Amino acid sequence: MQFRTTQTALVGAFALVLGLVALFTALAAMHIHSGTQRLEKVISSNNLKNDLLHDMRLAGRNRSISLSQMLLMDDPFERDEEFLRFNRHGTRFVLARDALRQSQLSAAEERLLETARLKSFEIAQSHNEIIKLIDQERFDEARQVFVTRAVPLQRANYAYAGKLQAMQRESTRQATLDIGRELRTSLYVITFMAVVVILAGIAIAIYIIRHTAHSEQQLFREKEYAETVLHSIADGVISCDIDGTVIDMNEAAEHLTGYSIAAASGQPLGAVLNLQGIDADGLPEFDKEASCTARDGRFFPVEVSARPLHEIDGHTSGARVLVVRDISIRKLAEQAAEAREAELEALVESRTAELQSAKEEAEAASQTKTEFLSRMSHELRTPLNAILGFSQLLEYDQKEPLSASQHAHVNEIVAGGKHLLNLINQLLDLARIESGRMDLFPVEFELHELARECVKLMHPLADKQGITIENNIHGSALRLKVDPLRLKQAVINILANSIKYNSEQGSVYLDAELTREQRIRISIRDTGPGISDTDQQRLFADFERLDATTEIEGTGIGLAVTRHLIEMMGGAIGIDSTIGQGSTFWIELDAIT
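Residues numbered from 1 in each chain as written. Predicted model: local features only at pLDDT ≥ 70, side-chain atom pairs only at ≥ 80, totals over all residues. Heavy atoms only, no water.

### What to know about the packing of aromatic side chains
- Applying the stated criterion across every chain yields a total of zero aromatic pairs.
- Between Arg 521 and the ring centre of Trp 586, over which it is positioned, the NZ or CZ distance is 4.3 Å. (Phe/Tyr/Trp six-rings, centres within 6.5 Å; stacked < 30°, edge-to-face > 60°. Lys NZ or Arg CZ within 6 Å of the ring centre and 35° of its normal.)

Rendered as structure tokens:
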């Protein structure tokens, strides 16, 4: 009981010391972490501001370079391309400036940035004036404005940016000084903590020395208790001295080896524990599986663990303890599991080979189809263009004009040729998509402009069919960044279908809205007969035409190409339809907010 009390006191003393260590360490760590966090925050903020200032200066410089290039160009098309780059540099400048204004700025930085912003307005006005003069081909006046106004204003703006960067460097320097003071404070705290720990350790050492004798007596009793437990466990335990002579073993070891404690004591370990596969005498510490032969001839697998015994001071004494476990039942279970695993692996390999073969055959068939479509489309388009060209020459020949019947025949040739050319172009698009050779060129634009162009292109077909097109997308601030040519192709395909398959004197409605997920949904609704749920499931499939028995021209490719194009632009396409009420095709694409 007295030893337990002593042990409790020691534990309490160590707990007190550890508590003090933890307390002072936590305080020092808090000081260091707080200062480091503030310094990292200031440095990160200043680095961000410097990056934004650098982006602003770079965009301004590139904008001036683009403007100077426009002054030197004679080709109007080259000037238009340079003007687009000029606008992109302006957009980058505005984005960097807005991001800088949203960061944490001091009052002085905000005033300086506001001054720079006003100066940027003057620069923009001078640039706009130069652009107008270039459009009017007044190049000498444009160069004069560029040299006398734009360049000096740009230099002044650079000076403001330089002042802002100097303010960031000063802020970083001051933050570094502050964290240095906090780190010195933390060093004092850690020093004080070390002194406390040393004093506490000395006190505990004195206490331990005074109670050593009683502790040894108690340890002896604990040893007796441990031996009692040792002889009651199920695994065989054998102890041997530094020479490998058996000292003691429990009842389980007697059963495994076939030797009694009396017969085994003083015998070499190898004579008592007959193992095949490992040298139990030569290894001081190991964990291995082996085969064991008992004194009575029994042969069985075992798992053997050997560990050296340690003295009070922690050094090994050379003596060892071996724990031996009979693993016969486990080995039988493992063999059964391995057999089952091998069977399953063989089955998986067989099935995988079959699937791989099927996959390769499907890919080869798809590639063959794509190459066939591409080559056939090119081969057909060359003579078809010749047919269309000669037909139009016949139609507009003034020297030998055609008769009315001849005009009708030529018109039929042109109409059929255009329809066949449209089919070939769709086949080429589908072939390029499936082969991965379809390139997209995304740009930012407003949706209402594209909608107006699509409706304008489809008016002749709608008037011919007696269909009314209502465009409800007028000047709405819906912007997106995709390939405008391919989006226009998709919208026109859907509009053409909505017109061709509409009811007599029907209507087509074009709408757009911004969804909660910040996506633009373009809806094209018609007043046609509607599409059943079964037909909707195969509507966008390749070469699938739902009305193959009707006289309406169609290829079964247009909607498939449309689906591929929309998905390549990161969008989605679908249909909502009710029989007798019409259909609504919709396209969803990411919006720019």
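Still more to cover.
### So, the pattern of salt bridges
- Under the definition given, this model contains 13 salt bridges.
- Residues Glu 588 and Arg 519 are paired through a salt bridge, measuring 3.5 Å at the closest nitrogen-oxygen approach. Taken together, the residues span a long stretch of sequence, with Glu 588 in strand S13 (residues 582-590) and Arg 519 in strand S11 (residues 519-526) at a distance of 69 residues. Summarising the burial analysis for this pair, Glu 588 and Arg 519 share the class buried.
- Two residues, Arg 521 and Glu 588, come together in a salt bridge whose shortest N-O distance is 2.9 Å. Taken together, the residues span a long stretch of sequence, with Arg 521 in strand S11 and Glu 588 in strand S13 at a distance of 67 residues.
- Overall, the relative accessible area of 16% leaves Glu 588 in the buried class.
- Linked by salt bridges that have partners in common, Glu 303, Arg 330, Lys 331 and Glu 334 make up one network. (Salt bridge = Lys/Arg side-chain N within 4 Å of Asp/Glu carboxyl O. Helix = DSSP H or I, 4+ residues; strand = E, 2+ residues; numbered from the N terminus. Buried < 20%, exposed > 50% of the residue type's maximum accessible area, 1.4 Å probe, protein only.)

### Thoughts on helix H14 (residues 558-568)
- In terms of burial, H14 is largely enclosed, as eight of its eleven residues are buried.
- When we look at burial in H14, the residues that qualify are Gly 558, Leu 559, Ala 560, Val 561, Thr 562, His 564, Leu 565 and Ile 566.
- Looking one or two residues past H14, Gly 570 carries a phi angle of roughly 80 degrees, positive in sign.

### A few points about the side chain of Ser 507
- Inspection of the secondary structure assignment puts Ser 507 in strand S10 (residues 507-514).
- The exposure class assigned to Ser 507 is buried, which follows from its relative accessible area of 17%.
- Excluding its chain neighbours within four sequence positions, the residues that come into contact with Ser 507 are Ile 467, Thr 468, Asn 502, Arg 525, Asp 526 and Thr 527. (Contact = heavy atoms within 4.5 Å.)

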